[in-house]
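As a plain string of letters, each chain reads:
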Amino acid sequence: MVYSRVAALLKEKMGLDAESIGVASVERAVRRRLAALGLEDVQVYWERLISAEQELQELIEAVVIPETWFFRDSEAFAALVRMVREEWLATHAEGTLRILSLPCSTGEEPFSVAMALLDGGLPSSRFHIDAIDISTRAIGWAERGVYGKNSFRGNDLGFRDRYFEAAERGYRLSDAVRRQVQFRHGNLLSAGWLHGAHGYDAIFCRNVLIYFDRVTQCRAVEVLGRLLSPSGLLFVGPSEAGLLLDHGLASAGIPLAFAFRRNVEPGPHRRSRRTGSPAAILTRTNRSHPSKSASISPSPPKPNPAANVAVAEHWMEQAHRLANQGKLVEALEYCERNADCEPPSAETHHLIGLLHDAAGRVREAAEHYRKALYLDPQHSEALAHLAVALQKQGDALGAQRLLERANRRLSEGRSTGRG
Ligand SMILES: C[S@@+](CC[C@H](N)C(=O)[O-])C[C@H]1O[C@@H](n2cnc3c(N)ncnc32)[C@H](O)[C@@H]1O
């Protein structure tokens with residue numbers, strides 16, 4: 001009984017839907033707080049919780065999931081850099097690009113934005129990043145700027161050599177990057193800090209909406225819509241993309257960036273992508289840093305049935321590199337040629353779908369996302385992309401169903417420690 005009151009309070013105060021992390025997780029957090037306070041009676045704890053702001057904050061610290069790392073879903077950072085080069089700089093001869101990272105957790109996301117922009121050639125004087133999170137503990141870590149190995153995932157860690165130096169407990173981020181980001185404690189759902197905040201050219205609100213129920217998601221998206229400039233980009237997490245379609249936001253049409261716009265008119269960025277200019281199309285299996293330029297050989301390796309897995313990984317990597325270089329037609333040809341030689345995989349069809357999507361062929365894209373889901377019904381990116389494709393084709397109901405499926409998949413993954 002007390003636990004359900006605690007869950008309701010957390011929903012009211014921070015938007016957390018206890019179901020999203022498992023009701024047992026909230027109960028565990030309460031028990032941890034009881035132990036920390038030397039209390040045994042949960043009713044006594046409840047009295048304290050509703051009378052002391054500080055205890056509410058402690059409980060929030062105990063339930064939040066601060067999981068994050070540098071260049072997580074790196075396509076978003078690549079897309080931001082392209083938007084700045086192709087759109088923002090063209091219309092802003094002077095002035096400051098304003099970015100919001102909310103929630104920023106321990107800082108990896110806003111610092112990745114800063115590194116991507118610096119790597120992209122934007123002078124430090126031309127951009128500023130506000131970074132906000134409800135966890136004061138996470139903000140404290142972010143302000144320290146020292147990171148352990150969990151914050152560096154994937155193989156492409158060139159940015160660590162450029163911007164970090166080894167420290168006693170990990171790697172210390174350079175002041176040049178830290179200066180670009182201002183951290184603040186704040187709640188996405190409470191308006192206090194919002195006064196006067198608006199007109200962000202890009203907002204990163206990734207991997208938090210999944211913890212909210214539908215009503216709270218609507219509140220959050222409304223806040224984000226108010227904060228975004230008319231031509232700004234809103235980035236969400238892979239499993240959150242479908243949520244935004246009901247809210248007057250339109251997909252920016254950048255595969256795997258999970259980016260949305262208020263303004264649905266095609267900007268120069270979107271037009272140029274349709275004609276085949278660079279688009280970063282990477283998957284989890286090949287997360288590259290946006291500034292990486294790979295030299296590749298477009299000729300496919302000969303299939304070897306004895307080493308199917310290695311060969312498949314090799315050609316997928318090549319296909320991704322072609323796509324990253326903007327050679328979308330070549331990447332598609334490469335995929336199709338090789339897809340015939342290999343046992344079909346969900347990842348292959350997902351990539352083919354993305355390549356069709358990037359070229360504006362929504363029907364073909366949807367067909368391949370479906371094939372990916374046939375082979376792997378849990379493929380959350382294929383689910384999210386098919387949802388967007390269905391929405392584009394006018395099937396809002398179908399899109400909504402897929403989105404719910406993607407969200408369910410995510411909660412299952414989380415409760416089993418995956419996802
Ligand atoms: C999984 S992390 C996401 C971090 C980063 N955006 C990313 O995608 O890597 C979720 C973060 O959301 C924060 N959070 C949860 N509810 C919030 C709220 N109502 N307002 C602000 N931050 C919130 C948590 O403290 C946690 O740091």
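The structure this text deals with has already been given above.
Thresholds applied
- Residues numbered from 1 in each chain as written.
- Predicted model: local features only at pLDDT ≥ 70, side-chain atom pairs only at ≥ 80, totals over all residues.
- Heavy atoms only, no water.
- Helix = DSSP H or I, 4+ residues; strand = E, 2+ residues; numbered from the N terminus.
- Buried < 20%, exposed > 50% of the residue type's maximum accessible area, 1.4 Å probe, protein only.
- Contact = heavy atoms within 4.5 Å.
- Areas by Shrake-Rupley, 256 points an atom, 1.4 Å probe, with all protein chains shown as cover.
- Near = heavy atom within 4 Å.
- Polar contact = N/O pair within 3.5 Å; in protein donor to acceptor, adjacent residues only side chain to side chain.
- Nonpolar A, V, L, I, M, F, W, Y, C, P; charged D, E, K, R; others polar.
- Pairing = 2+ DSSP bridges.
- Salt bridge = Lys/Arg side-chain N within 4 Å of Asp/Glu carboxyl O.
- Axes fitted to C-alpha atoms, helices over the stretch in contact; angles between N-to-C directions.

## Some words on the overall build of the protein chain
Across its full length, the protein chain carries 18 helices and 10 strands. Split into buried and exposed, the 419 residues of the protein chain put 55% on the buried side. For the protein chain, the share of sequence-separated contacts (at least 6 apart) that also reach a separation of at least 24 residues comes to 72%. When the accessible surface of the protein chain is totalled, it reaches about 18500 Å², and 51% of it is carbon and sulfur.

## Brief notes about the site of the ligand
Neighbouring the ligand are 19 residues, the closest being Thr68, Pro103, Asp133, Asn187 and Asn207. Interatomic distance of 3.0 Å between a backbone N/O atom of Met14 and a nitrogen atom of the ligand. Contact distances for the ligand include 3.5 Å between an oxygen atom and a side-chain N or O atom of Ser105. When isolated, the ligand has an accessible area of 610 Å², and the protein chains bury 98% of it. Residue composition of the shell around the ligand, by class: 8 nonpolar, 6 polar and 5 charged.

## Some remarks on the sheet that holds strand 3 (residues 146-147)
Backbone hydrogen bonds hold the strands of a sheet together, and the pairing may be parallel or antiparallel. Overall, antiparallel pairing links the 3 strands, which are arranged 3-5-4 in an open sheet. Sheet topology places strand 3 and strand 4 (164-167) at the edges, where each strand pairs with a single neighbour. Bridge count between strand 4 and strand 5 (residues 170-173): 4 bridges; the pairing is antiparallel. Its bridge partner lying in strand 5, Glu165 is registered against Arg172.

## So, the pattern of salt bridges
Across all of its chains, the model carries 10 salt bridges by this definition. The partner of Arg162 in a salt bridge is Asp119, with the nearest N and O atoms 2.8 Å apart. Linking Arg162 in helix 9 (residues 158-163) with Asp119 in helix 7 (residues 108-119), this pair joins segments that are 43 residues apart in sequence. Judged by its relative accessible area of 24%, Asp119 falls in the partly exposed class. Notably, a salt bridge pairs Arg178 with Asp175, separated by 3.7 Å at the nearest N-O pair.

## Section: the sheet that holds strand 6 (residues 181-185)
Taken together, 7 strands build an open sheet; the order of strands is 6-2-1-7-8-10-9 and the sheet is mixed. Where the open sheet ends on each side, the last strands, each with one partner, are strand 6 and strand 9 (250-251). One ladder, built from 3 bridges, connects strand 8 (residues 228-235) with strand 10 (residues 259-261); its direction is antiparallel. Note that in strand 10 the partner of Leu234 across the bridge is Phe260. Along the sheet face, helix 6 (residues 75-91) touches strand 1 (97-101), strand 7 (200-204), strand 8 and strand 10 and points at about 175° away from the line of strand 7.

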